[in-house]
Amino acid sequence: MPGEPFVCTVRFAGVRAQLGALNADTQTRATMAAVDSAVATALSGTSSNSNSVPTLNAGADPYYDQAQMQSVLSKLDELITTLRR
């Protein structure tokens, strides 16, 4: 009613428990340094996957050459097969 004092009760127990759980959760999450390290470790070996596939060591003919095109396609298939291992 107008003119009567307003009474409000606030309970923080639930909020405190939620904040405590959130704090505990954030303490167990990975840091950016840990993520960066894990990514660098994972990527460090990926380039060597294709080391067994030699380069073509050939220039491109100015005109269509079916043998050269087949060589490129064969080398691409070899690379894809190697990277799937």
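Thresholds, definitions, all that
Residues numbered from 1 in each chain as written. Predicted model: local features only at pLDDT ≥ 70, side-chain atom pairs only at ≥ 80, totals over all residues. Heavy atoms only, no water. Helix = DSSP H or I, 4+ residues; strand = E, 2+ residues; numbered from the N terminus. Buried < 20%, exposed > 50% of the residue type's maximum accessible area, 1.4 Å probe, protein only. Expected span 1.5 Å × (residues − 1). Polar contact = N/O pair within 3.5 Å; in protein donor to acceptor, adjacent residues only side chain to side chain. pLDDT = per-residue confidence, 0-100. Patch = residues over 30% accessible without salt bridge, like charges linked within 9 Å, V, L, I, M, F, W, Y side chains within 5 Å. Areas by Shrake-Rupley, 256 points an atom, 1.4 Å probe, with all protein chains shown as cover. Salt bridge = Lys/Arg side-chain N within 4 Å of Asp/Glu carboxyl O. Contact = heavy atoms within 4.5 Å.

A. Up close: unusual backbone geometry. Located in the positive-phi region is Asn-57, a residue other than glycine, with phi close to 50°. Take Asn-57: it is sitting in the loop between α2 (32-44) and α3 (66-83). Relative accessible area serves as the criterion here: at 72%, Asn-57 is assigned to the exposed category.

B. Broad picture of α3. For α3, built from 18 residues, the straight-helix expectation of 26 Å at 1.5 Å per residue is met to within 8% by its first-to-last C-alpha distance of 26 Å. Between the side-chain oxygen at the start of α3 and the backbone nitrogen of Ala-67 there is a gap of 3.1 Å, and the oxygen is on Asp-65.

C. How the structure looks around the environment of Pro-54. With respect to the helices, strands and loops of the structure, Pro-54 is situated in the loop between α2 and α3. In this structure Pro-54 comes out as partly exposed when scored by relative accessible area, which is 46%.

D. Here's a closer look at the environment of Gly-59. As for its placement among the helices and strands, Gly-59 is situated in the loop between α2 and α3. For Gly-59, a relative accessible area of 55% gives the class exposed. Each C-alpha atom of the pair Gly-59 and Arg-29 lies 51 Å from the other, and the pair is 30 residues apart in sequence.

E. Seen up close, the confidence of the model for the chain. With 99% of its residues at a pLDDT of 70 or more, the chain has an overall mean of 83. Across the chain, element-level confidence peaks in α3 with a mean pLDDT of 90 and bottoms out in helix α1 (residues 13-28) with 82.

F. A look at a nonpolar patch on the surface. Where nonpolar side chains cluster on the molecular surface, the patch consists of Val-10, Phe-12, Val-15, Leu-19 and Leu-22 and spans about 500 Å² of accessible area. Assignment of secondary structure puts Val-10 in the segment before α1. Residue Val-10 is classed as exposed on the basis of its relative accessible area of 51%.

G. Up close: the side chain of Lys-75. Assignment of secondary structure puts Lys-75 in helix α3. Among the residues examined, Lys-75 registers a relative accessible area of 19% and is labelled buried. Other than its neighbours up to four places away in sequence, Lys-75 contacts Val-53, Pro-54 and Leu-56.

H. Summary view of the pattern of salt bridges. For the coordinates displayed, the defined rule picks out 2 salt bridges. Its salt-bridge partner being Arg-29, residue Asp-25 comes within 2.7 Å of it at the nearest N-O pair. A salt bridge links Glu-78 to Lys-75, with the shortest nitrogen-to-oxygen separation between them at 3.3 Å. Residue Glu-78 and its partner Lys-75 are both found in helix α3; the two are separated by 3 residues, about one turn of the helix. Residue Glu-78 is classed as partly exposed on the basis of its relative accessible area of 33%.

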